[in-house]
Amino acid sequence: DAGVIQSPRHEVTEMGQEVTLRCKPISGHNSLFWYRQTMMRGLELLIYFNNNVPIDDSGMPEDRFSAKMPNASFSTLKIQPSEPRDSAVYFCASTRQQTGNTIYFGEGSWLTVV
Amino acid sequence: QQPVQSPQAVILREGEDAVINCSSSKALYSVHWYRQKHGEAPVFLMILLKGGEQKGHEKISASFNEKKQQSSLYLTASQLSYSGTYFCGKGGSQGNLIFGKGTKLSVKP
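A few points on the structure. (Residues numbered from 1 in each chain as written. Chains lettered and ligands numbered in written order. Predicted model: local features only at pLDDT ≥ 70, side-chain atom pairs only at ≥ 80, totals over all residues. Heavy atoms only, no water.)

### Examining the overall build of chain A
Link 1 in the chain: Broken down by element type, chain A carries zero helices and 11 strands.
Link 2 in the chain: For chain A, the C-alpha radius of gyration of 13 Å lies close to 13 Å, the compact-globule estimate for 114 residues.
Link 3 in the chain: The 114 residues of chain A split such that 47% are buried.
Link 4 in the chain: Expressed as a percentage of contacts within chain A between residues at least 6 apart in sequence, the contacts between residues at least 24 apart total 54%.
Link 5 in the chain: With the model as given, the accessible surface of chain A reaches about 5,700 Å², and the carbon-plus-sulfur share is 49%.
Link 6 in the chain: Computing the positive centroid from 10 side-chain charges and the negative centroid from 12, chain A places the two 4 Å apart. (Helix = DSSP H or I, 4+ residues; strand = E, 2+ residues; numbered from the N terminus. Rg over C-alpha atoms; globule rule 2.2 N^0.38 Å. Buried < 20%, exposed > 50% of the residue type's maximum accessible area, 1.4 Å probe, protein only. Contact = heavy atoms within 4.5 Å. Areas by Shrake-Rupley, 256 points an atom, 1.4 Å probe, with all protein chains shown as cover. Lys, Arg positive; Asp, Glu negative; His and termini not counted. Charge placed at Lys NZ, Arg CZ, Asp CG, Glu CD.)

### What about the pattern of salt bridges?
Residue and element names in this part refer to chain A.
Link 1 in the chain: In the structure shown here, the tally under the stated rule is nine salt bridges over all chains.
Link 2 in the chain: Of the charged contacts in the structure, one is a salt bridge between arginine 41 and glutamate 44, with a shortest N-O distance of 2.9 Å.
Link 3 in the chain: On the accessibility criterion, arginine 41 (49% relative accessible area) is partly exposed.
Link 4 in the chain: Aspartate 86 is paired through a salt bridge with arginine 64; the nearest N and O atoms lie 2.7 Å apart. On the criterion of sequence distance, the pair formed by aspartate 86 in the loop between strand S8 (74-79) and strand S9 (88-95) and arginine 64 in the loop between strand S6 (53-56) and strand S7 (65-71) is long-range, its members being 22 residues apart. With respect to class, aspartate 86 is no different from arginine 64; both count as buried.
Link 5 in the chain: Residues joined in a network through salt bridges with shared partners are Glu62, Arg64, Glu83, Arg85 and Asp86. (Salt bridge = Lys/Arg side-chain N within 4 Å of Asp/Glu carboxyl O.)

None of the figures reported here should be taken as evidence of function without further support.
Here is the structure:
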């Protein structure tokens, strides 16, 4: 079975540019999470969706960040405009919504903003 | 609301044991343990759902003390392959997962 698929795997962009990260969750999973990982802050939950509906976006750092889930098999995380401090690994993860279900991570998108 | 992990880092020789602790100031509905190797995604180890529950995975096991809002991960007779960063995740009532900052484990020959 295919796991969580993220793209791009690596992106280098200039400050001020728009960045769009993409995620395809595991088929049949109805919860999707976006995490950001940095050395200083560890793994931070940015936003999560249940049945395509955003449930909690309190982890989104600023208005420059936005996330959408137009259907059950696709989600995007957009940063506009990007800044050097946004450089991090962004992970998408999915699960079947139920307390105690395993959350599966994608391989991450490594973003560098110069 | 982020769970607190301790220690932040530990260095072991092969064959030695280690304990990683995870605590929360608020109620824990469930505790999830993950291991992440450098440059890779976190990989699921185990979930503990009930207070007092203990689980094992090869020579890695964990316990969950609901009253104390704590969980501990036990690594026995460590192997080189155990090296990595271990994260505990606090499961929320709606299925979300908030991670601690991680414990970096290095196993030396």
